[in-house]
Amino acid sequence: MVPKRFAQPNFWKITVASDKGLSDANIDLIVAMACEEARKTSKENMIILHDVIESKQYCQLLVETNKLGVTDLLSVLKDNFDYRIRASVLAL
């Protein structure tokens, strides 16, 4: 059972940024990894990918998940990419 403070879903903005720029192939790989992580999550840890915002310098993933879900997603991205990766809760 997940503690209540971790169980509440929120909207998160996950930003993957690079000073040298991100190629289309890297952005596609980032999105594919996020989709795969969302697909294999449990019901308690569900990740819903709502939108992707792309530019030459960064990629932003807008996801709905709880604290544990965003921690898992950040871990996968940080293990596979050498970019600046950060997450913040979006206020609604």
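Preceding this paragraph is the structure being described.
Residues numbered from 1 in each chain as written. Predicted model: local features only at pLDDT ≥ 70, side-chain atom pairs only at ≥ 80, totals over all residues. Heavy atoms only, no water.

Enquirer: I'm lost on the pattern of salt bridges in this one. Help?
Expert: Side chains that differ in sign of charge can pair as their charged atoms come close. For the structure on display, the rule yields 3 salt bridges. R84 is paired through a salt bridge with D19; the nearest N and O atoms lie 3.1 Å apart. You can see R84 sitting in strand β4 (residues 84-89) and its partner D19 sitting in the loop between β1 (10-17) and α2 (24-39), a full 65 residues away along the chain. Residue class for D19 comes out exposed when judged on its relative accessible area of 62%. A salt bridge links K40 to E37; the shortest N-O distance between them is 3.7 Å. (Salt bridge = Lys/Arg side-chain N within 4 Å of Asp/Glu carboxyl O. Helix = DSSP H or I, 4+ residues; strand = E, 2+ residues; numbered from the N terminus. Buried < 20%, exposed > 50% of the residue type's maximum accessible area, 1.4 Å probe, protein only.)

Enquirer: It is not clear to me how the packing of aromatic side chains should be interpreted in this structure. Could you clarify?
Expert: Two aromatic rings are characterised by how far apart their centres lie and by the angle between their planes. Evaluated as defined, the whole model comprises 1 aromatic pair. Both rings, one in F81 and one in Y83, keep their centres 6.0 Å apart while their planes meet at 15°; by these two values the pair is stacked. Residue classification places F81 among the buried positions, given a relative accessible area of 11%. (Phe/Tyr/Trp six-rings, centres within 6.5 Å; stacked < 30°, edge-to-face > 60°.)

Enquirer: I would appreciate a short explanation of the side chain of E37 in the present structure.
Expert: By the secondary structure assignment, E37 is in helix α2. For E37, a relative accessible area of 10% translates into the label buried. Those residues in contact with E37 that sit more than four places away from it in its chain are I47, D72, L73 and V76. (Contact = heavy atoms within 4.5 Å.)

Enquirer: Please clarify how the pairing of β1 should be interpreted in this entry.
Expert: Along any regular strand, the residues point their side chains to alternate faces of the sheet. Judged from the 8 bridges that link them, β1 and strand β3 (residues 58-65) form a sheet pairing that is antiparallel. The residue of β3 that forms the bridge with V16 is C59. Relative to β4, β1 runs antiparallel, the two sharing 6 bridges. The residue of β4 that forms the bridge with I14 is A87. (Pairing = 2+ DSSP bridges.)

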